[in-house]
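This is what each chain is made of:
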Amino acid sequence: MKPWILGLTGGIGSGKSAVAQHFIDLGVHTVDADHAARWVVEPGRPALTKIVERFGDEMLLADGNLNRAALRAKIFQDESERRWLEALLHPLIGQEINDYLAQAESPYAILVSPLLVESGQYHMAQRVLVVDAPEALQVQRTVLRDSTSPEQVEAILKAQANREERLRHAHDILVNDRDLGWLKSEVERLHNFYLTLRGGRES
Ligand SMILES: CC(C)(COP(=O)(O)OP(=O)(O)OC[C@H]1O[C@@H](n2cnc3c(N)ncnc32)[C@H](O)[C@@H]1O)[C@@H](O)C(=O)NCCC(=O)NCCS
Ligand SMILES: Nc1ncnc2c1ncn2[C@@H]1O[C@H](COP(=O)(O)OP(=O)(O)OP(=O)(O)O)[C@@H](O)[C@H]1O
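This one's a predicted model, so the numbers in the text were calculated from it and none came from an experiment.

Student: What's the story with the site of ligand 2 in this structure? I'm lost.
Tutor: Around ligand 2, the surrounding shell holds 15 residues, and the nearest of these are Lys16, Ser17, Arg145, Asn176 and Arg178. Arg178 has a polar backbone atom sitting 2.7 Å from a nitrogen atom of ligand 2. If ligand 2 stood free it would expose 640 Å²; the protein chains cover 78% of that surface. Elements represented by at least two residues in the shell around ligand 2 include exactly helix H1 (16-25) and helix H6 (135-146).

Student: I would appreciate a short explanation of the layout of surface pockets in the present structure.
Tutor: Rolling a probe over the atoms, with the probe sized like a water molecule, indicates the empty space that remains. By volume, the second largest pocket is sized at about 160 Å³. When its residues are assigned to classes, the lining of the second largest pocket shows five nonpolar, two polar and one charged. Counting contributing residues per domain, the lining of the second largest pocket is built from domain 1 (1-28 + 106-203) and domain 2 (33-105), each supplying no fewer than three.

Student: Would you explain the pattern of salt bridges in this entry?
Tutor: Note that side chains of opposite charge can pair when their charged atoms are close. For the structure on display, the rule yields 10 salt bridges. The shortest N-O distance in the salt bridge between Arg45 and Glu96 comes to 3.1 Å. In this pair, Arg45 is assigned in the loop between helix H2 (33-39) and helix H3 (46-55) and Glu96 in helix H5 (residues 79-101), connecting sequence segments 51 residues apart. Given the relative accessible area of 29%, Arg45 is considered partly exposed. By relative accessible area, which is 19% here, Glu96 ends up buried.

Each value, and the rule that gives it
Residues numbered from 1 in each chain as written. Chains lettered and ligands numbered in written order. Predicted model: local features only at pLDDT ≥ 70, side-chain atom pairs only at ≥ 80, totals over all residues. Heavy atoms only, no water. Near = heavy atom within 4 Å. Polar contact = N/O pair within 3.5 Å; in protein donor to acceptor, adjacent residues only side chain to side chain. Areas by Shrake-Rupley, 256 points an atom, 1.4 Å probe, with all protein chains shown as cover. Helix = DSSP H or I, 4+ residues; strand = E, 2+ residues; numbered from the N terminus. 1 Å grid on protein atoms, 1.4 Å probe; cavity = no way out; pocket = protein on both sides within 12 Å on 5 of 7 lines; lining within 4 Å. Points joined across faces, edges and corners; volume = space filled by probe spheres on them. Nonpolar A, V, L, I, M, F, W, Y, C, P; charged D, E, K, R; others polar. Domains from an automatic or database assignment. Salt bridge = Lys/Arg side-chain N within 4 Å of Asp/Glu carboxyl O. Buried < 20%, exposed > 50% of the residue type's maximum accessible area, 1.4 Å probe, protein only.

Now the structure itself:
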């Protein structure tokens, strides 16, 4: 039987990747939109050429890869440039995600995406799990993980759906404000529940 799709979302630093890793360990076929966003700008792909044409050679590192920090600085200080980049990349990312999900053999598969709600990708999913965390914790965890500034993380937060908007699309909510051991046990509980669902929508 074709697997049903769980959309897994949450704001920056909420803990999506940590949650996704536990699902992967349980054998669930998982694709991450952030990873797909990297595949579509690999050297030789047309999208990378278009980014360099628009923003200049400083978008390239010496080895020919995208200078992600430089592009990040550009798009989160200028909404129209961010919209331009999203219009270029989101259709390509959507295609990569489709191709990857089509290979799934687990009872259900997961699409991890920070912009599941904003990009309309939630239409690809039968059920949505939101990882939620207090904003201060999101900022603190991301600063620690990426060695970036709180101001940069707050600029990214502003470009994302607010919590209420995201939670409106949720079938399930995982509040990630405890330790990683607890998070793992919550994922196991959800996984056992998801295995009982056929088509993902029953609650
Ligand atoms: C700007 C880029 C190069 C920065 O790369 P970097 O390695 O620093 O960050 P990474 O890609 O790992 O993203 C980290 C987080 O930033 C946030 N984020 C990324 N892009 C966006 C965006 N367009 N809008 C809001 N938040 C975003 C997400 O929470 C994401 O998980 C990169 O994020 C990018 O190409 N973004 C545009 C594509 C996109 O919209 N990706 C989101 C998944 S669909
Ligand atoms: N419950 C927790 N306790 C402690 N640290 C945590 C917890 N959950 C996540 N983290 C850590 O916080 C950081 C952010 O988590 P993670 O990378 O999973 O977030 P994310 O939602 O995938 O972020 P992004 O949108 O930026 O990709 C990571 O370093 C992760 O290890």
